[in-house]
Amino acid sequence: MQLTGSHILSISQFDRDTIERVFTVADSMTPYAARRRVTRVLEGAILGNMFFEPSTRTRVSFGCAFNLLGGEVRETTGFESSAIAKGESLYDTARVLSGYSDVICMRHPQEGSVAEFAEASRVPVINGGDGANEHPSQALLDLYTIRSELAGRGRGVDGMRIAMIGDLKYGRTVHSLAKLLLLYQDIQLILVSPKELAMPEEIVEQLRLRGHDVKVTDELTESIQKVDIVYSTRIQEERFQSKDEADLYRGRFRLNQAIYTQYCEPNTVIMHPLPRDSRADANELDNDLNQNPNLAIFRQTDNGVLVRMALFALVLDVADQVDKYARDVRWYNASRNG
Amino acid sequence: MQLTGSHILSISQFDRDTIERVFTVADSMTPYAARRRVTRVLEGAILGNMFFEPSTRTRVSFGCAFNLLGGEVRETTGFESSAIAKGESLYDTARVLSGYSDVICMRHPQEGSVAEFAEASRVPVINGGDGANEHPSQALLDLYTIRSELAGRGRGVDGMRIAMIGDLKYGRTVHSLAKLLLLYQDIQLILVSPKELAMPEEIVEQLRLRGHDVKVTDELTESIQKVDIVYSTRIQEERFQSKDEADLYRGRFRLNQAIYTQYCEPNTVIMHPLPRDSRADANELDNDLNQNPNLAIFRQTDNGVLVRMALFALVLDVADQVDKYARDVRWYNASRNG
Amino acid sequence: MQLTGSHILSISQFDRDTIERVFTVADSMTPYAARRRVTRVLEGAILGNMFFEPSTRTRVSFGCAFNLLGGEVRETTGFESSAIAKGESLYDTARVLSGYSDVICMRHPQEGSVAEFAEASRVPVINGGDGANEHPSQALLDLYTIRSELAGRGRGVDGMRIAMIGDLKYGRTVHSLAKLLLLYQDIQLILVSPKELAMPEEIVEQLRLRGHDVKVTDELTESIQKVDIVYSTRIQEERFQSKDEADLYRGRFRLNQAIYTQYCEPNTVIMHPLPRDSRADANELDNDLNQNPNLAIFRQTDNGVLVRMALFALVLDVADQVDKYARDVRWYNASRNG
C-alpha cells in the first residue's frame, strides 16, 4: 500500500508490510515524543483537526502529534455544526475545508461519513472515528503496543496468546484489533464476554479460517491464565437486555491485582482502550492495578502519539526528513516514565 | 486609505485603489496558499480569533491565513461568553483581549458590536461578521473571485454583467457586493428575487445613480441568459410571510446543469457565498453542477484565504517582506485543483 | 522553593524569595509581551491548556504567554467532559493527558481537583483555578501589579496601605492576595464589605499576627482616603440573605470618578480582578473611571501575561535562555499604551 497522499480510512487498507513500515517510523519518533529532540520538518504545514463529535483525548493526541512534527493545528471541537445543520452536504464541507489545510483528521458520529468526506477532499484525510465503524489509528496503536510490550519480553506478535474481555459485540476496538491479527500467524485468542455480547460470528470465523486458535467463553479467571496479553474493554450496563442479565455478570469481568496475582503468568500485559470506569461496580480494571508494571494502558495512549506522528509523516512523505530538521530540547524535560 | 494599523470594519472604508492593493497582495499569496512555498514572516505574532458566535469555516479560514504567514492563533469558538453574561462591557472585553494579541478577528451576533469593540482595542481589529451588518472579508473575496474568474476570460470588473439571485432583502453578502460595485463602472446588474425579498430600494438607487444598468425581476431563466456571473444565495422559507407565498416560489430560483446548459452563455461563472442547502427542495444550486468547471464556489472559499492573508499582511505592514522569509515546502503537496 | 519541574498549585508554596524571582523574570518578559522582541526559546514545546470549566480570558492569557515564548498550545475549552462523565478518574485523565504535553495548565470546577490531577501527572501542572479554592497566577499578577504601580510612585509593597472592597467572604482573589501579603511587612489593610460578606476571621487574625494594621468596616468613603491601592471586587446580589439586605448596600461600594476626586489621594491606584459589571446598579467600578490614569485594571490583565510567561519559563527552566533565542519584531507594532 502506498501511504503518500493517501486517505487513512480503514484498517482493511493495511497489509503487513505497510503496518511494519508504520511501526518502524513510529519507533523512530520516540526521541521527539519523549522530548529529547525537537523536529521542525512540518513547519508551515496545517492540520485540519475536524472533530464533529467531541473526543478530547483523540483530538489532542492528533494535534500534539502534528505539533511534534513542527506543524500547526486548526480545529473544531464538535459544537459548531451550523453549516451541516443548514443542509450542507459532506461534499461541500470537504471541498471547503480541504482548501484550508495540508491534511485533515476527521471524527464524525455517522458511519461512512469520513469516507464520503475523503472522496471530495483535496488533501489526505485520516479517519479519527466514524461512529461504530472505524478508528484505524486506535487499532494501530493497540497492535503497536502489543508488539512493543512483547518485544520487551523477547517475543513477537506471531504466535502470541491474547484474551479479549468485555463487550466484544459492540466494541469497535476489539473488532479492529481482531481484524488486524488476520495479518499475523498462529495466534491464540480467548474471547471472554457475556453470551449476549459475544464477538460477531463472522469475525470469529475469519480468525479460524486464518488458522488462529479461537476459544469463546464467559469465564474470566480461566481465560487469563496462559496468555501474553489481557485486553479488557468496557461493558455498558445498558447493553444488556434486562437488569437481571446485567446483575448476572456484575463485576465478573473486573480484573484487579489479587486476581492478576492468583491467575496470570508473571509478565502478562494488561491493556484497555480507555477511558475506563474506575467506579467499584464497573466491569473493568481496578485502580489497585495502577502500580502493576505490566499495566500498559498509559503506554497505549503514549504510543498513540508515536503512531499518529508516523501516519502524518508517511502520508505527507517526510518520514525520511524528520531527523534532518531536528535539534535537542532546550527546556526541562520531566521524566515521562515516572 | 491607510491599511497599516487600521481596523477593517466595513467595506465602506475601501476606495478602489485600496481594493486593488489588497487584491495585488492577495495574488502574491498564491504560492503560500497553494503550499508551494512557506513563509515565516509573522513568526511570533498572535492572532486573537474571537468568535463570539460560531462559524467554523470563517474562523478556520482566518486562522489558516494567519498560520500561513507564520503566526500563531489563540481563539474562542463562541460558547464561553461568561464574562459578557456577567455584564462586562465590550469596552472592557476589548481592553483585556487586545493585550493578548497583535491583531484580532472578531465575530459577534450583534450589529455594531465589532466597531464598538475596535474603538477600545489597542490592536487592529478585523470584522469577521457582526450580525446582519458587515462581513467585509466575504465581500472582498467575492469581488476578488469575480475579478479572477473574469481575468481568465479576458475581461475585467468594469463593464461586466452579473445576476444576483435569491434573498436580496436580508442577504448580507449581496448588499456588500453591490456596494463594492459602486467603485466600478458600467456594470449591468439583474436582481432576481421573490418580490417580498427584493434588494432594498436604497441600494438599487445608489447603483443607478452610479450609472449602472439595474434590472429588477423575479424570473430566473430570462435573467441568466446574458451575464458573466450568476451569484446565487439562499432563500430561507421562514422569510416568506406565508406558506402559500413560499410555495409560489419553491424551486423557482434553483439552478441546475440542465437550466445552465439551456440558458447560460458557455462560460458563465456560478458563485454562492456558502453554505448551500443541497437538499432537492431548496432554492439553491443543484449538486449536478459540481462537475461544471464554471462553478466557482470552492474557488471562492479558497480565495478567502488569499484575501485574508492579504488583509493581515497589510494591516501588520509585512506585505513586502513575505517573500524574504520564505522557502520551499518540504512535504507532499496534494494537487489542490483535483 | 525550587520552581524547575514543580507544580504551581497554591500561593502557599511561595516564599518571598521565590516571588521576587518570579517578578524579576516577569520584568524581563516585557519586551516580548510588548512585541518589541520575539523569542523562540520554547519552540517545539507544547502546553496542554486544559480548561474543564470555561474561562476565555484566563485560557487565552495562558495560551498567549506560552506562544510568546515560542511554544505551541493544545487545548480544551470546557465542553467535552465525555471521559470524565463516563466515570474516568482524575488519575487516568492525568496519566493520559500528561503524555501529550510538556506542561499543563488546568482549570476545573471542583476544589482540590487540580492537586489530585497534578499528583498523577508526568509533567508540571499549573493551577488555572479549581473552584473556590486557588488561582495562584491571579494572586501573583495582582501582587506584581501592586509592586509595579507602587514602584512608579517610588514605593514598595512593604509599608503600603491597601483598601480591599466588596465581597471579601467569597472572593477567591482577595483571600489569596491577603495571604501573599503575609510575606511582606508593615502593611495597612482596610477591609470594606457588607457585614455579611466580611473577610474570614481566620485571615484577619493571620494578618494581625504578622503585625499588619487591619481595620474592618462597611464604609467606603472613609476607607479610601489614605491608601495607596483600592482593590475593588464584585458583590453578587445573590450572596445576600434577603433582598432587603441587598437594597441596604446597593451602590454603596460603587466607586466613580467624583468619589475618587473627592476622597482619594491624587495617585491612588484602582484595581479589580475583572470582569466588572459595568451596569449602573452594580457595586463595582464606574465606567467614568476609564480615563483615570490610575485605573490599573487593564495593566493587571497585561501583567497576567508577564507573570504567566515567567511561571512557564521558570517551571521549564529556560528563564536564562529567553534572550538567547530572540530577535526584533518584523511587523507593525500597535502602541499598547493607547
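All of these numbers come straight from a predicted model, not from anything done at the bench.

(A) Expanded view of the relation of the copies chain B and chain A. With an RMSD of 0.0 Å, chain B superimposes on chain A once it is rotated by 120° and translated 0.0 Å along the axis. Expressed as a symmetry operation, the mapping of one chain copy onto the other fits a three-fold axis.

(B) Region of interest: the UniProt feature "domain: Aspartate/ornithine carbamoyltransferase Asp/Orn-binding" (unreviewed entry) in chain A. In the numbering used here, UniProt assigns the feature "domain: Aspartate/ornithine carbamoyltransferase Asp/Orn-binding" (unreviewed entry) to residues 158–314 of chain A. Across residues 158–314 of chain A one finds 35% helix and 14% strand; the C-alpha atoms that close the span lie 25 Å apart.

(C) Fine view of the sheet that holds strand β9 (residues 229–232) of chain A. Residues and elements named next belong to chain A. A sheet is described by the order of its strands in space; here five strands give the open sequence β8-β7-β6-β9-β10, paired in parallel fashion. One side of each edge strand has no neighbouring strand; the edge strands of this open sheet are β8 (213–217) and β10 (269–271). Across the sheet, the mean angle from the axis of one strand to that of its neighbour is 15°, orientation sign disregarded. Two strands pair when backbone bridges link them, and strand β6 (residues 161–165) and β9 are joined in this way by four bridges, in the parallel orientation. The residue bridging M164 from the neighbouring strand is Y231, located in β9.

(D) Representation of the pattern of salt bridges within the structure. Applying the stated criterion across every chain, the model contains 78 salt bridges over all chains. The salt bridge partner of R155(C) is D228(C), with a shortest N-O separation of 2.8 Å. Of this pair, R155(C) sits in the loop between α7 (136–151) and β6 (161–165) while D228(C) sits in the loop between α10 (220–223) and β9 (229–232), placing them 73 residues apart in sequence. Owing to a relative accessible area of 34%, R155(C) belongs among the partly exposed residues under this scheme. Here D228(C) falls in the buried class, since its relative accessible area comes to 8%. Salt bridges sharing common partners tie together R40(A), E43(A), R327(A), R40(B), E43(B), R327(B), R40(C), E43(C) and R327(C).

(E) Representation of the interface of chain B and chain A. At the interface, 41 residues of chain B touch 39 residues of chain A. Joining chain B to chain A, the criterion identifies seven salt bridges. In this structure, R40(B) and E43(A) form a salt bridge, with 3.7 Å as the shortest nitrogen-oxygen distance. Across the contact surface, chain B and chain A share 15 residue pairs in polar contact (both at pLDDT 80 or more). Ranked by residue count, the leading element in the side of chain B that touches chain A is helix α3 (residues 56–68) of chain B, at nine residues. Each residue belonging to the side of chain B that touches chain A can be placed in one class, and the counts come to 14 nonpolar, twelve polar and 15 charged.

How each quantity is defined
- Residues numbered from 1 in each chain as written.
- Chains lettered and ligands numbered in written order.
- Predicted model: local features only at pLDDT ≥ 70, side-chain atom pairs only at ≥ 80, totals over all residues.
- Heavy atoms only, no water.
- Least-squares fit on C-alpha atoms with pLDDT ≥ 70 in both.
- UniProt positions renumbered as here; feature names shortened; annotations may be inferred.
- Helix = DSSP H or I, 4+ residues; strand = E, 2+ residues; numbered from the N terminus.
- Pairing = 2+ DSSP bridges.
- Axes fitted to C-alpha atoms, helices over the stretch in contact; angles between N-to-C directions.
- Salt bridge = Lys/Arg side-chain N within 4 Å of Asp/Glu carboxyl O.
- Buried < 20%, exposed > 50% of the residue type's maximum accessible area, 1.4 Å probe, protein only.
- Contact = heavy atoms within 4.5 Å.
- Polar contact = N/O pair within 3.5 Å; in protein donor to acceptor, adjacent residues only side chain to side chain.
- Nonpolar A, V, L, I, M, F, W, Y, C, P; charged D, E, K, R; others polar.

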